[in-house]
Amino acid sequence: MISIAEESTRRIRVRFADGQDGSSYRTEGMFRGEYLQTFFTPGEEGSLCLLTGIGEKDLGILQLKELGAVCVCRLKEQGVSKFSVDVGKILQAAEPKALCHLVEGMLEGWYEQPVISGNGKGKHWDGEKRRNAPDVQICGIPGGFREQAQRELELGVTLGNAVNWARDMVNMPGNLFTPNDFAEEVAEKMGEAGVAWEVLDSAEIRSQGLEALQAVGESSGRDACLMILRYLPLGSDVPAVGLAGKGVTCDTGGYCLKPADSMLGIKGDMAGGAAVAAAIYALAREKVQVNVIGIIPMCENRISPSSLVPGDVIGSYGGKKIEICNTDAEGRLLLADAVSYGVKHEKVKKVLDIATLTGAVVQTLGFSTAGLLSDDEDFCREFSRAFAASGERYWRLPFYEEQERMLKSRIADIKNLGEKHCGTITAALFIRAFAESRPWLHLDIAGTAWVDTPLFAFQSKGATGAGVTTLYRLMEEEAGI
Ligand code: BES
Ligand code: ZN
Ligand code: ZN
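Would you mind going over the coordination of the zinc ion (ligand 3) with me for this structure?
Note on metal geometry: ideal angles are 109.5 degrees for four donors arranged tetrahedrally and 90 or 180 degrees for six donors arranged octahedrally. Listed as protein donors to the zinc ion (ligand 3) are Lys246 (NZ), Asp251 (OD), Asp269 (OD) and Glu330 (OE); their distances from the metal cover 1.9 to 2.4 Å. Taken together, the six donor atoms surrounding the zinc ion (ligand 3) define angles of 76 to 174 degrees at the centre, an arrangement classified as octahedral. Mapping the donors of the zinc ion (ligand 3) onto the primary sequence gives the spacing K-x4-D-x17-D-x60-E. The two metals, the zinc ion (ligand 3) and the zinc ion (ligand 2), are separated by 3.2 Å and share Asp251 as a common coordinating residue. In this pair, Asp251 sits in strand β10 (residues 247–251) while Glu330 sits in the loop between β13 (322–323) and α10 (331–345), placing the two residues 79 residues apart along the sequence. Overall, the relative accessible area of 4% leaves Asp251 in the buried class.

In structure tokens, the structure reads:
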């Protein structure tokens, strides 16, 4: 629970301060107000104060999220879950929107990943029970700001919860979060938020001709499915934006098996799908007036008697025949079908795809910046505004005909592998070949979806919830907010 209070009734209060403020508290000079420095000091009338340094730099979105996270982390370490946060100092230095980012950071900083223990039967994971949510009073809001502050606080709660939900799904072990579990989990949340959903099972995948998804899905004893989320507050006549997210709950590489030391993160290969579901959940919760269709192919990439092998040729929903050159390049196959399905079946006006797609993007951009490719300048401008509003980082990569030529197959229409270099670009171009000339934007979050060593205070080892807030802000842009 995070709510606005006129007066704090809590014994423990967080206050933000800079270098100049240090001397007004009893800190014996030890608190210097440096960015993210924290210091416990006696407060008024027997209370305790956690001073949190804001430093001298401008407070951007990332800084506000880190500030929110660092103070709750300090309190959580001490076993404190009821406290107040005085945001007066922050609102002197930043706009009221700061409250949204601060609250989002608080919720993300408080996050704990699912732990599976005990001998319970049935559903192994109960997110609600696990998380002992903090009880926070926000105070220090100037009178004139109350209404706006309330809205920003609520949005921060929605976004923080959506990001943490995506993190939960990505952190779940692959054997306890199969394609079917993934679909059930998303269906439950969509039901809660009032979003219509549909799941095509493996028989429907076959009968509808989603042959690329089918081919990857048949590598596993666990059936594949295609989940479609339809959030259409403007009515079904108004064209929607398509969001396709890769939902591979376990990627062993198939017959092109990954080496053992690359296997640890393979359960996180559904982070794109999780981001799409979580963003749509947040949009529905906030009643943003925009039509969106989420398309999430869910499957495993494993080894079975019917798995693909290099040299195979398969069909696809879009009609192109695909030569398989590497079975570990499975994400682009599912997304090809998801994107075609969005365009041909759902008639989306433009399409974005998001995926943990290539190791190459990690080599190029590392763990804090995701890759972006697009063939539409307007879509790109919109997207740039969206990530400026979310605080996430993306970097646009170029593409040219010579890279398109790398996907030419001698025996089929296209192959699923380029050359040794520019792997992020050729993977993206493969998907673009199925977008049927609709404005297309592609996000490769293989580096940003998962961190072994957190880079920011609001992250913890494991899933980051990459993409959720940017997709939300992109749809706000679409809605003209
Ligand atoms: N899911 C992986 C990409 C990935 C790599 C995600 C590292 C997270 C961290 C994808 O399916 C894959 O295996 N891609 C291959 C493609 C290659 C065979 C052309 C890769 O990038 O190595
Ligand atoms: Zn793979
Ligand atoms: Zn993969």
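Here the narrative resumes, following the displayed structure.
For this particular structure, what's the right way to read the nonpolar core?
Among soluble globular proteins, nonpolar side chains are generally buried collectively. In terms of nonpolar packing, the biggest core is built from 63 residues, with Val186 and Leu352 touching the most fellow members. It is helix α9 (residues 271–285) that contributes the most residues to this core, twelve residues altogether. In contact with Leu352, not counting residues within four places along its chain, are Gly242, Leu243, Ala244, Phe379, Phe383, Leu441, Leu443, Leu471 and Leu474. In terms of nonpolar packing, the next biggest core, distinct from the first, is built from 47 residues, Ile295, Ile414, Ile425 and Ala428 among them.

Would you mind showing me how to read the coordination of the zinc ion (ligand 2) here?
In the first shell of the zinc ion (ligand 2), the protein supplies Asp251 (OD), Asp328 (O), Asp328 (OD) and Glu330 (OE), at 2.0 to 2.2 Å from the metal. Coordination at the zinc ion (ligand 2) comes from six donor atoms whose angles at the metal span 70 to 169 degrees, giving a geometry best classed as irregular. Of the residues examined, Glu330 reaches a relative accessible area of 1% and is grouped as buried.

What am I meant to see in the sheet that holds strand β4 (residues 48–53) here?
If you trace the six strands from one edge of the open sheet to the other, you get β1-β6-β5-β2-β4-β3, paired in mixed fashion. Of all the strands in the sheet, just β1 (2–4) and β3 (38–42) have a single pairing partner and so form its edges. Strand-to-strand, the axes of this sheet are offset by a mean angle of 25 degrees, without reference to chain direction. The strands touched by helix α5 (residues 146–171) are β1 and β6 (135–139); relative to β1, the strand with the most contacts, the crossing angle is about 175 degrees.

How do you make sense of the side chain of Asp21 when you look at a structure like this?
Tracing the backbone shows Asp21 in the loop between β2 (12–17) and β3. For Asp21, the side chain forms a polar contact with the main-chain nitrogen of Asp18, separated by 2.9 Å. Dropping the residues within four chain positions of it, Asp21 is found in contact with Phe16 and Lys89.

I tried to follow the packing of aromatic side chains on my own but got confused; where do I start?
Aromatic rings in a pair are described by how distant their centres are and how their planes are angled relative to each other. A complete count under the given rule lists eleven aromatic pairs for this structure. Between the aromatic rings of Phe383 and Tyr394, the centroid separation amounts to 5.0 Å while the plane-to-plane angle is 80 degrees, which identifies the pairing as edge-to-face. Of this pair, Phe383 sits in helix α12 (residues 377–390) while Tyr394 sits in strand β16 (residues 393–396), placing them eleven residues apart in sequence. Classification of Phe383 by relative accessible area gives buried; the value is 0%. What makes Tyr394 buried here is its relative accessible area of 6%. Each ring, one from Phe456 and one from Phe458, has its centre 5.5 Å from the other, and the planes form 10 degrees; the classification is stacked. According to the relative accessible area criterion, Phe456 is buried, its value standing at 17%. It is Lys65 that lies over the ring of Phe458; its NZ or CZ is 4.1 Å from the centre. Over the ring of Tyr281 we find Lys189; its NZ or CZ atom is 5.7 Å from the centre of that ring.

Mind showing me how you'd approach empty space enclosed by the protein here?
Which parts of space are left empty comes out when a probe the size of a water molecule is rolled across the atoms. In the structure shown here, the tally under the stated rule is two cavities of 30 Å³ or more. Here the largest cavity is characterised by a volume of approximately 280 Å³. What lines the largest cavity is a set of 21 residues, and nearest its centre among them are Lys65, Glu392, Phe458, Gln459 and Ala466. Only α1 (61–77), α3 (98–110) and β16 provide two or more residues apiece to the lining of the largest cavity. Its residues assigned to classes, the lining of the largest cavity shows eight nonpolar, eight polar and five charged. Taken as a whole, the second largest cavity encloses approximately 50 Å³ of empty space. As for the second largest cavity, its lining consists of Ala215, Val216, Ser219, Gly254, Tyr255, Asn301, Arg302, Ser307, Leu308, Thr327, Glu330 and Leu333. Taken together, the residues of the lining of the second largest cavity sort by class into five nonpolar, five polar and two charged.

Can you walk me through the sheet that holds strand β17 (residues 414–415) in this structure?
Remark on secondary structure: sheet strands pair via backbone hydrogen bonds, oriented parallel or antiparallel. With mixed pairing, three strands are arranged side by side in an open sheet as β12-β13-β17. One side of each edge strand has no neighbouring strand; the edge strands of this open sheet are β12 (313–314) and β17.

Can you walk me through the environment of Arg438 in this structure?
For Arg438, the location among the structural elements is in the loop between α14 (423–432) and β18 (440–444). For the pair formed by Arg438 and Asp376, sequence separation is 62 residues and the distance between their alpha carbons is 8.9 Å. Not counting residues up to four positions away in its chain, the partners in contact with Arg438 are Val343, Val348, Lys349, Lys350 and Asp375.

Quick question: what am I supposed to make of α12 here?
Structural remark: α-helix, 3.6 residues per turn; residues separated by three or four positions point the same way. Counted at 1.5 Å a residue, the expected span for α12 with its 14 residues is 20 Å, and the 20 Å between its end C-alpha atoms agrees. If you check which residues of α12 are buried, you get Phe379, Cys380, Glu382, Phe383, Ala386, Phe387 and Ser390. The buried residues of α12 occupy an angular sector of 160 degrees when the element is viewed end-on, so they sit on one face. In α12, the exposed positions angled more than 90 degrees off the buried face are occupied by Asp378 and Ala388. For α12, the elements touching its buried residues are α1, β14 (350–355), β15 (369–374), β16, β18 and α15 (468–479). Two or three places before Asp378, at the start of α12, stands the capping residue Asp376, its side-chain oxygen 3.2 Å from that residue's backbone nitrogen. Taken from the residues just after α12, Gly391 is the one with a positive phi, measuring 85 degrees.

Rules of the game
Residues numbered from 1 in each chain as written. Chains lettered and ligands numbered in written order. Predicted model: local features only at pLDDT ≥ 70, side-chain atom pairs only at ≥ 80, totals over all residues. Heavy atoms only, no water. Donors = N, O, S within 2.8 Å, 3.2 Å for Na, K, Ca; no water. Tetrahedral: all angles 85-135°; square planar, octahedral: opposite > 155°, others 65-115°. Helix = DSSP H or I, 4+ residues; strand = E, 2+ residues; numbered from the N terminus. Buried < 20%, exposed > 50% of the residue type's maximum accessible area, 1.4 Å probe, protein only. Core = buried A, V, L, I, M, F, W, Y, C linked by side-chain atoms within 4.5 Å. Contact = heavy atoms within 4.5 Å. Pairing = 2+ DSSP bridges. Axes fitted to C-alpha atoms, helices over the stretch in contact; angles between N-to-C directions. Polar contact = N/O pair within 3.5 Å; in protein donor to acceptor, adjacent residues only side chain to side chain. Phe/Tyr/Trp six-rings, centres within 6.5 Å; stacked < 30°, edge-to-face > 60°. Lys NZ or Arg CZ within 6 Å of the ring centre and 35° of its normal. 1 Å grid on protein atoms, 1.4 Å probe; cavity = no way out; pocket = protein on both sides within 12 Å on 5 of 7 lines; lining within 4 Å. Points joined across faces, edges and corners; volume = space filled by probe spheres on them. Nonpolar A, V, L, I, M, F, W, Y, C, P; charged D, E, K, R; others polar. Expected span 1.5 Å × (residues − 1). Arc of directions from axis to C-beta.

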